[in-house]
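Structural characterization, general
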Amino acid sequence: MIKGIVIVNNSGKPRLVKFYQNVFGENRQQSVIRRIFQQVSTRPDSFCNYLEGSVPEWGENIKLIYRHYATLYFVFAVDAQESDLGILDLIQVFVEALDKRFENVCELDLIFHSDRVHYILDEIVMGGMVLETNINAILQAINDQERMHRDSMKKVGPSDSVDAISTKLGAGRNW
C-alpha cells in the first residue's frame, strides 16, 4: 500500500503532499516531509531510486521510491508489499500524464494548478491503492472531466443567482 506521496523541490519545499495513512498534526506532517527530503536529497543521482526509509509515523519496513526530475523529487512512501519497479513505473506514468496535460510540466504548474495535479493523481492512486496505470485511460478521464467543467460553465451566466445556477445544473430548489 502507498503510505504517502510527496513532491518537493531541490530546496525541500513541498509542492504536493498526499498522505494515505494518517499523520496527525501539522508539526508531525512537516517532520515527515523533512525526513523524507533529507533521505532522498543526500543520495547521488547515480544511486538506485529506492531505499529503506525511516518514517516512524508509518511504522517499520517503509520504502521510499523516488525519481529526481530537474528541480523536483517525486517520492512515494510504500510498505514492503509494493514492487519497487512497479512504483517506479507508476511515478513515470504520473509524470507523463502531467507532462501531457501541461506540455513540459514544471514546478510552477504544480503550484498554480494544484487542483488539476491532484485530479490527475486521484485518477492514478486513490486511498493508497493504484487505480490506473494506462496513460491513455488517465488522459481520457482528465479530458472528460475538463469537458464537463467547460460545459457546466457555459450553462451559467455571470449575473445568475444561486437559485438560477442550481436550477440550470439540474439541482432545483433542493440543492
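Residues numbered from 1 in each chain as written. Predicted model: local features only at pLDDT ≥ 70, side-chain atom pairs only at ≥ 80, totals over all residues. Heavy atoms only, no water.

1. With respect to a nonpolar patch on the surface
Taken together, the side chains of Leu108, Ile111 and Phe112 make up a nonpolar region of the molecular surface, amounting to roughly 320 Å² of accessible area. Along the polypeptide, Phe112 turns up in helix α3 (residues 107-112). We classify Phe112 as exposed; its relative accessible area is 61%. (Patch = residues over 30% accessible without salt bridge, like charges linked within 9 Å, V, L, I, M, F, W, Y side chains within 5 Å. Areas by Shrake-Rupley, 256 points an atom, 1.4 Å probe, with all protein chains shown as cover. Salt bridge = Lys/Arg side-chain N within 4 Å of Asp/Glu carboxyl O. Helix = DSSP H or I, 4+ residues; strand = E, 2+ residues; numbered from the N terminus. Buried < 20%, exposed > 50% of the residue type's maximum accessible area, 1.4 Å probe, protein only.)

2. Some details on helix α2 (residues 84-102)
Along its 19 residues, α2 runs 27 Å from first to last C-alpha, staying within 8% of the 27 Å computed at 1.5 Å per residue. Considered for burial, the residues of α2 that qualify are Asp84, Ile87, Leu88, Leu90, Ile91, Val93, Phe94, Val95, Ala97, Leu98 and Phe102. After α2 finishes, the residue Glu103 shows a positive phi value of roughly 50°. (Expected span 1.5 Å × (residues − 1).)

3. Here we look at the environment of Tyr66
With respect to the helices and strands, Tyr66 occurs in strand β4 (residues 62-69). Tyr66 sits in the buried class, given a relative accessible area of 3%. C-alpha separation for the pair Tyr66 and Val6, spaced 60 residues apart in sequence, amounts to 9.3 Å. Discounting chain neighbours no more than four positions away, the residues touching Tyr66 are Val40, Arg43, Cys48, Asn49, Tyr50, Leu51, Tyr73, Phe74, Val75, Leu88 and Ile91. A polar atom in the side chain of Tyr66 sits 3.1 Å from the side chain of Arg43. (Contact = heavy atoms within 4.5 Å. Polar contact = N/O pair within 3.5 Å; in protein donor to acceptor, adjacent residues only side chain to side chain.)

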